[in-house]
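# Coordinate analysis (summary)
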Amino acid sequence: RIINYNGEEKAYPVYRIPLEYLVYNVVNGRIRSRTRSHEERFGALDPGDDDDIQIIEQFLYDSAKGRNEKTLESIEEIGQQESGIITEDGVVIDGNRRSLLLRMINRKNQSTTKFKAVILEDKLQDNVQEIIKLETSYQMGVDSKVDYNPIEKYIRCKELNQYYSIEEISSIMAEDEKRIASWLEILDLMDNYLLYTGTPNVYTKLDKKEGHFVDLVQYLRN
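None of these values were measured; they are calculated from a predicted model.

Following the criterion strictly, the structure yields three aromatic pairs and no others. Considering the side-chain rings of Y154 and W183, the 6.1 Å spacing of their centres and the 75° angle between planes classify their relative orientation as edge-to-face. Taken as a pair, Y154 in helix α6 (residues 150-160) and W183 in helix α8 (residues 177-196) lie far apart in primary sequence, 29 residues in all. W183 matches Y154 in its accessibility class, with the two residues each being buried. Taking 6.4 Å as the distance between ring centres and 65° as the angle between the ring planes, the aromatic pair formed by Y163 and Y164 counts as edge-to-face. We classify Y164 as buried; its relative accessible area is 8%. The ring of W183 has K153 lying over it, and the distance from NZ or CZ to the ring centre is 5.5 Å.

The following block contains the structure:
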């Protein structure tokens, strides 16, 4: 599989990896509003703890329930078609949903199907900046963005902005620079609202409220 990582495009071999060696990514952009909200209320999620694994799996399944049901049927019928990406220490960067569905199939059928993935040469904590960039480019590209809870894109913009300029983020997320700047402005209002209500980082409170903040930014500009 060809991957652009650390500023270099190269071919990585695809391995078949036992699922017990994989670790869910708790900073996965697909479920970041859920994990951030949970951690604010109950403390950090441990992807090695059985109880926390169940919570993460529920977040992943609920994040795209309809699509997950279809993908589950597809994997059962023809197997995993698209390889994932994991770090050297087994953290799943691209393919958290697929690894979850394979686990579900293995539990159901008492099977030992393995996860097909390439392995990066870094551990997650050794190169957070490049890995979050890689995850975003694969998971939040133009074709898959519609899959996401609307709040996730704002949180991911803010996380990327720790390392990258608006111009760089627009390239990573395949979006216009003005839109990236607007998303950061909208998230600032969201964060102020959560702080005002005494629930900082509890982003689940913003479900189905995105439009209010989008409108508010425009009102303030006018």
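Still to come is the rest of the account.
Reading predicted coordinates in detail is not appropriate for stretches of low pLDDT. For the protein chain, mean pLDDT is 92; residues scoring 70 or higher make up 97% of the total. Model confidence for the protein chain, summarised as mean pLDDT per element, is weakest for helix α5 (residues 128-139) at 88 and strongest for strand β3 (residues 15-17) at 98.

The next point concerns the environment of E40. Within the element layout of this structure, E40 appears in helix α1 (residues 32-42). Relative accessible area serves as the criterion here: at 38%, E40 is assigned to the partly exposed category. Put simply, E40 and T112 are 72 residues apart on the chain and 36 Å apart in space, counted from C-alpha to C-alpha. Those residues in contact with E40, other than ones at most four positions away along the chain, are P200, N201 and V202. Looking at E40, its side chain comes within polar contact range of the side chain of N201, at 3.2 Å.

What follows covers the nonpolar core. One recurring pattern in soluble globular proteins: nonpolar side chains tend to sit buried together. Counting 24 residues, the largest nonpolar core has M173 and M190 as its most contacted members. Listing elements by their share of this core, those giving two or more residues are α6, α7 (166-172), α8 and α9 (210-221). For this core, the element with the highest residue contribution is α8, accounting for eight residues. If we skip the residues at most four places from it in the chain, M190 touches I151, Y154, L206, E210 and F213.

Those residues of α1 lying buried are R32, S33, T35, R36, S37 and H38. Of the residues flanking the end of α1, it is G43, one or two places downstream, whose phi is positive at about 100°.

Considering all chains together, one arrives at 15 salt bridges under this definition. Across the pair E76 and K108 runs a salt bridge whose closest N-O atoms are separated by 3.3 Å. Here E76 is found in helix α3 (residues 65-78), whereas its partner K108 is found in helix α4 (residues 96-109), with 32 residues between them in sequence. Overall, E76 belongs to the partly exposed group, its relative accessible area being 38%. Residue K108 is classed as exposed on the basis of its relative accessible area, which comes to 59%. Linking R179 and E175 is a salt bridge whose minimum nitrogen-to-oxygen distance equals 3.4 Å. On the basis of relative accessibility, which here comes to 45%, the residue R179 falls in the partly exposed class. Judged by its relative accessible area of 17%, E175 is buried.

Parameters at a glance
- Residues numbered from 1 in each chain as written.
- Predicted model: local features only at pLDDT ≥ 70, side-chain atom pairs only at ≥ 80, totals over all residues.
- Heavy atoms only, no water.
- Phe/Tyr/Trp six-rings, centres within 6.5 Å; stacked < 30°, edge-to-face > 60°.
- Helix = DSSP H or I, 4+ residues; strand = E, 2+ residues; numbered from the N terminus.
- Buried < 20%, exposed > 50% of the residue type's maximum accessible area, 1.4 Å probe, protein only.
- Lys NZ or Arg CZ within 6 Å of the ring centre and 35° of its normal.
- pLDDT = per-residue confidence, 0-100.
- Contact = heavy atoms within 4.5 Å.
- Polar contact = N/O pair within 3.5 Å; in protein donor to acceptor, adjacent residues only side chain to side chain.
- Core = buried A, V, L, I, M, F, W, Y, C linked by side-chain atoms within 4.5 Å.
- Salt bridge = Lys/Arg side-chain N within 4 Å of Asp/Glu carboxyl O.

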